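# Descriptive analysis of the structure
Listed below, chain by chain, are the residues.
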Amino acid sequence: MQVEVRERLDSSSVDLIVVGIPEGAEQCDARYMNVAAPLFKSGDLSLKPLETFIVPGPPKTMFIGLNKIVDAEAWRRAAGTVVRRSRNAKKVAFIGGDARAIAEGAVIASLSVEPYKTTPPKPGVEHVTIVGGESKAAEQGRVLAESTNWARQLINTPSNDKPPRIIADRAREMAESVGLEADVLDEARIRELGMGALLGVSQGSEEPPRMVVLKYKGHADSDRLLTYVGKGITFDTGGISLKPADGMEKMKYDMAGGATAMAALRTLALMHAPVNCMVLVPLAENMPGGRAQRPGDVVRSMSGKTIEIINTDAKGRLVLADALAYARQLGATHLVDLATLTGAVRVALGPVRVGVMGNNQSFIDSFLRAAGRAGERMWQLPMDDEYRDLIKSAVADVANSGGRFAGAITAAKFLQEFVGDVPWVHLDIAGIAWNEEEKPYLPKGPSGVAVRTLVEFGIGFNGEP
Ligand code: BES
Ligand code: MN
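Here is a short report on the structure shown in this document. Quick caveat, the model's predicted, so the values are computed rather than measured.

### Section: the overall build of the chain
Helix and strand counts for the chain stand at 13 helices and 20 strands. In terms of overall dimensions, the chain is globule-like: its C-alpha atoms have a radius of gyration of 23 Å, near the 23 Å expected for 465 residues. Viewed in the frame of its principal axes, the chain has a C-alpha envelope of about 80 × 50 × 40 Å. Put simply, the chain has 465 residues, and 57% of those count as buried. Across the chain, every contact between residues at least 6 apart in sequence was considered, and the portion connecting residues at least 24 apart equals 77%. By element, 49% of the accessible surface of the chain is carried by carbon and sulfur atoms, the whole surface being about 19,400 Å². Taking the average location of the 54 positive side-chain charges in the chain and that of its 56 negative ones, the two points are 3 Å from each other.

Written as structure tokens, this is what we have:
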């Protein structure tokens, strides 16, 4: 999709003109008040958010209701709604509005989540013009949304088409196209480095594991290396602790954290953000094959710590343990990991907020501020020492499952064992990464949650203490 900003509209060049109206207001962009005034009088324009009123054309004019408070999210929703509903318009112009948010909403809404259907794709909006506004803002919105779509299409891909080696190839191609450094560890190097936790997870699958490392250097004289670590389980059957069949097909999205981290780095690179940022994605398929690891097995992680496997379904934390240890070896000074880690976070926070945990309150606070600026809702959960007691093991240094209680927190406590004293934030995105209900700019399916926050945090990182 093309996005551009113009000073003036040449109405012969568009199919649809969109004008926003805040809920309850009798006002819209001054350039359209002459058209709107009689419609306000007749009551046709008292629109609830995302309700529309169309004046026939050509070009048609669509008035669309905005939230009372016209923030970025209001424009994202409006632009997304227009793109998802206007199948007959190829060229759409928005009169005024937040250029960055309009670009984001329109581009995110334009991704088809049905690429495997052999019926021809429905036609859609191809060109968006924003009349008045900053070109740079629109460009940033487009870059961010295209990166988000890159992650979403990967998350949406069926697992037979994205074993670890294929995701690693996609990562390398992406890195090349935007100028990132890339290193992909194969099984032999993973073994040399002693990543026994990652190997334990992948050994039940015919597909070998990979570890993707991407680097972006945007700040020549900073000695801080912000590092994003994203879980990359390409399919989660649960392993020998097999999941129930009902809903298991969803477990193709268990690599959403990894895809999201890579998408954020892509965006930072294209925006030339002033930060040094690294991304690690440990990739494995969790299958119950003949060589699969068993409950009761003990593995030795790269850090040297031993782990008792209580439940082979709790494996995201295993692959992350080795990735976090490797990140420290590569010089990470600040760690953020993100993962579709637990069903428990879905129970605690539902499909509304991302769970946030960590080991350093001022680092967590600065991360939450970035989430606030990005407009993504997150919520911190406690990390009292006593939660660590729940993952004691009788035979190893730590157990990979703490049972029924506080599942999101005990998973984070497990990860904490592997970050040392590096400031660290953990995001559990299991409740939000897959949209179960359609939203204005998002169909059911992968949401791309956290890309915006990771980008915002990366941009501001060197301005924070
Ligand atoms: N991938 C799941 C978590 C998940 C569940 C993500 C539902 C998205 C939707 C994770 O690997 C898992 O299986 N976690 C277990 C851990 C338990 C065995 C300690 C869980 O949460 O049930
Ligand atoms: Mn699992």
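### A look at the site of ligand 1
Lining the immediate surroundings of ligand 1 are 18 residues, of which Lys243, Asp254, Asp313, Lys315 and Gly343 lie closest. At a separation of 2.9 Å, an oxygen atom of ligand 1 approaches a polar side-chain atom of Lys243. Separating a nitrogen atom of ligand 1 from a backbone N or O atom of Leu341 is a distance of 3.4 Å. For ligand 1, the protein covers 82% of the area, taking 520 Å² as the surface of the free molecule.

### Things to note about the coordination of the manganese ion (ligand 2)
For the manganese ion (ligand 2), every protein donor is listed as Asp236 (OD), Asp313 (O), Asp313 (OD) and Lys315 (NZ), and the spread of their distances is 2.1 to 2.5 Å. The site at the manganese ion (ligand 2) holds six donor atoms, and with the angles between them running 64 to 157 degrees, its shape is irregular. Within one chain, the residues donating to the manganese ion (ligand 2) are spaced in sequence as D-x76-D-x1-K.

### Looking at the packing of aromatic side chains
Two measures describe an aromatic ring pair: the distance that separates the ring centres and the angle between the ring planes. In total, this model carries five aromatic pairs according to the counting rule given. Of the aromatic side chains, those joined through ring pairs into one cluster are Phe363, Phe367, Phe457 and Phe461. When the ring centre of Phe461 is taken as reference, the NZ or CZ atom of Arg224 above it lies at 4.2 Å.

### A closer look at the environment of Phe53
Its location among the elements puts Phe53 in strand S3 (residues 52–55). With relative accessibility at 22%, the residue Phe53 sits in the partly exposed group. With 14 residues separating them along the chain, Phe53 and Leu39 place their C-alpha atoms 9.6 Å apart. Non-local contacts of Phe53, meaning those with residues more than four positions away in its chain, are made with Leu39, Asp44, Leu45, Leu47, Thr61, Met62 and Phe63.

### Focus: unusual backbone geometry
Cis peptide bonds are those with omega within 30 degrees of zero, and the linkage from Gly57 to Pro58 qualifies with 5 degrees. Note on placement: Pro58 falls in the loop between S3 and strand S4 (60–66). Following Pro58, the chain continues into Pro59 via a peptide bond in cis, with omega recorded as -15 degrees. Checked against the element boundaries, Pro59 lands in the loop between S3 and S4. Positive phi values are uncommon outside glycine, yet Leu50 reaches one of about 75 degrees.

Thresholds, definitions, all that
- Residues numbered from 1 in each chain as written.
- Chains lettered and ligands numbered in written order.
- Predicted model: local features only at pLDDT ≥ 70, side-chain atom pairs only at ≥ 80, totals over all residues.
- Heavy atoms only, no water.
- Helix = DSSP H or I, 4+ residues; strand = E, 2+ residues; numbered from the N terminus.
- Rg over C-alpha atoms; globule rule 2.2 N^0.38 Å.
- Buried < 20%, exposed > 50% of the residue type's maximum accessible area, 1.4 Å probe, protein only.
- Contact = heavy atoms within 4.5 Å.
- Areas by Shrake-Rupley, 256 points an atom, 1.4 Å probe, with all protein chains shown as cover.
- Lys, Arg positive; Asp, Glu negative; His and termini not counted.
- Charge placed at Lys NZ, Arg CZ, Asp CG, Glu CD.
- Near = heavy atom within 4 Å.
- Polar contact = N/O pair within 3.5 Å; in protein donor to acceptor, adjacent residues only side chain to side chain.
- Donors = N, O, S within 2.8 Å, 3.2 Å for Na, K, Ca; no water.
- Tetrahedral: all angles 85-135°; square planar, octahedral: opposite > 155°, others 65-115°.
- Phe/Tyr/Trp six-rings, centres within 6.5 Å; stacked < 30°, edge-to-face > 60°.
- Lys NZ or Arg CZ within 6 Å of the ring centre and 35° of its normal.

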